[in-house]
Amino acid sequence: MLIELQDYVEPFVDVTVSTFKEFVGVDISPRHPFFLDPDKGFEWDISAVIGLSGAVKGAVIVSMKTDLAIKLTDLLAGEGHTEIDADVVDAIGEINNIIAGNIKPKVPNGDRIVISIPTIIKGKEHSIAWPSKQTRILCIPHKAFDNDIFHLMVAIELEPDI
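Everything numeric here is computed off the predicted structure, so don't read it as measured data.

Undergrad: Explain the nonpolar core here, please?
TA: Soluble globular proteins: nonpolar side chains tend toward being buried together. In this structure, Met64, Leu72 and Ile92 are the most contacted members of the largest nonpolar core, which totals 37 residues. Of all the secondary-structure elements, those providing two or more residues to this core are α1 (6-24), β3 (46-54), β4 (56-64), α2 (66-77), α3 (86-103), β7 (137-144) and β8 (148-158). Looking at this core, the element that brings in the most residues is α1, giving seven residues. With residues up to four places along the chain from it excluded, the contact list for Met64 reads Trp44, Asp45, Ile46, Ala69, Leu72, Ile92 and Phe150. Counting residues in each nonpolar core, the second largest holds 12 residues, with Trp44, Ala59, Cys139 and Met153 among its members.

Undergrad: Help me understand α3 in this model?
TA: Since one α-helical turn is 3.6 residues long, residues separated by three or four positions face the same way. In this model α3 runs 26 Å from its N-terminal to its C-terminal C-alpha over 18 residues, within 8% of the 26 Å that 1.5 Å per residue would give. What α3 keeps buried is the set Val88, Val89, Ala91, Ile92, Gly93, Ile95, Asn96, Ile98, Ile99, Ala100 and Ile103. In this structure Asp85 caps α3, since a side-chain oxygen of it lies 3.1 Å from the backbone nitrogen of Asp87.

Undergrad: What's the story with the packing of α2 against α3 in this structure? I'm lost.
TA: For any two helices packed against each other, the geometry is given by the interaxial angle and the distance between the axes. At a minimum axis distance of 9 Å, the contact between α2 and α3 shows a crossing angle of 90 degrees. Classed by the angle they form, the pair α2 and α3 counts as roughly perpendicular. For the pair formed by α2 and α3, the contact residues are Ala69, Ile70, Leu72, Thr73 and Leu76 on the first element and Asp87, Val88, Ala91, Ile92 and Ile95 on the second. Tallied by class, the residues present in the contact of α2 with α3 amount to eight nonpolar, one polar and one charged.

Cut-off values and rules
Going along each chain's sequence as written, the residues are numbered from 1 onward. Per-residue local features of the predicted model are confined to residues with pLDDT of at least 70, and side-chain atom pairs are confined, for both listing and counting, to 80 or more; whole-chain, interface and lining totals are unaffected and use all residues. With hydrogens and water excluded, all non-hydrogen atoms of the structure serve as input to the side-chain values. Think of a nonpolar core as a cluster: buried Ala, Val, Leu, Ile, Met, Phe, Trp, Tyr and Cys residues, connected wherever their side-chain atoms sit within 4.5 Å. Each residue's exposure class comes from its accessible area (1.4 Å probe, protein chains only) as a fraction of the maximum for that residue type: buried when under 20%, exposed when over 50%, partly exposed otherwise. Only runs of H or I of at least four residues qualify as helices and only runs of E of at least two qualify as strands under DSSP, and these elements are numbered from the N terminus. Should any heavy atoms of two residues lie within 4.5 Å, those residues are counted as being in contact. Each helix should span, by expectation, one fewer than its residue count multiplied by 1.5 Å. Side-chain atoms alone can form a polar contact between residues adjacent in sequence; in general such a contact is a pair of N or O atoms within 3.5 Å, and within protein one must be able to donate a hydrogen while the other accepts it. Convention adopted: a line fitted to C-alpha atoms gives each axis, helices being fitted over their contacting stretch, and angles between N-to-C directions are expressed from 0 to 180 degrees. Note on terminology: angles under 35 degrees are roughly parallel, angles over 145 are roughly antiparallel, angles of 65 to 115 are roughly perpendicular, and the others are oblique. In this classification, Asp, Glu, Lys and Arg are treated as charged, Ala, Val, Leu, Ile, Met, Phe, Trp, Tyr, Cys and Pro as nonpolar, and every other residue, Gly included, as polar.

Next up, the structure:
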């Protein structure tokens, strides 16, 4: 059975939408997915990175601006956050952790995927160094609230024997 990257797009969108609805209490809407140019800059202020190993090797990353990260944290941990603090780091890491964990039963050979603990990258307009120029990074923008956008990025390599 040939498994392609496209087999992962719909499950990632579904899991991301349900995670935001059920865990955070926020309706989000996915936008058109595209392959990310690794040299293009984005205006992210915080990214949660979860490594994947086993049947799939790569990473799942959620990236957003500070304002959205604070709004989400205020919903999860109570209001009053004004900057990227420990609560914001934990909240964004946990959102991505739930997405990565819940994707496993929804994708081919998901029972053979191992996820890492979240690593957080923070800093105004940071960039992410991808492993190689050949890595295909699927970027799925999502709209939250009135005009906040965050990006779910999936960079995976499938095992050749699956």
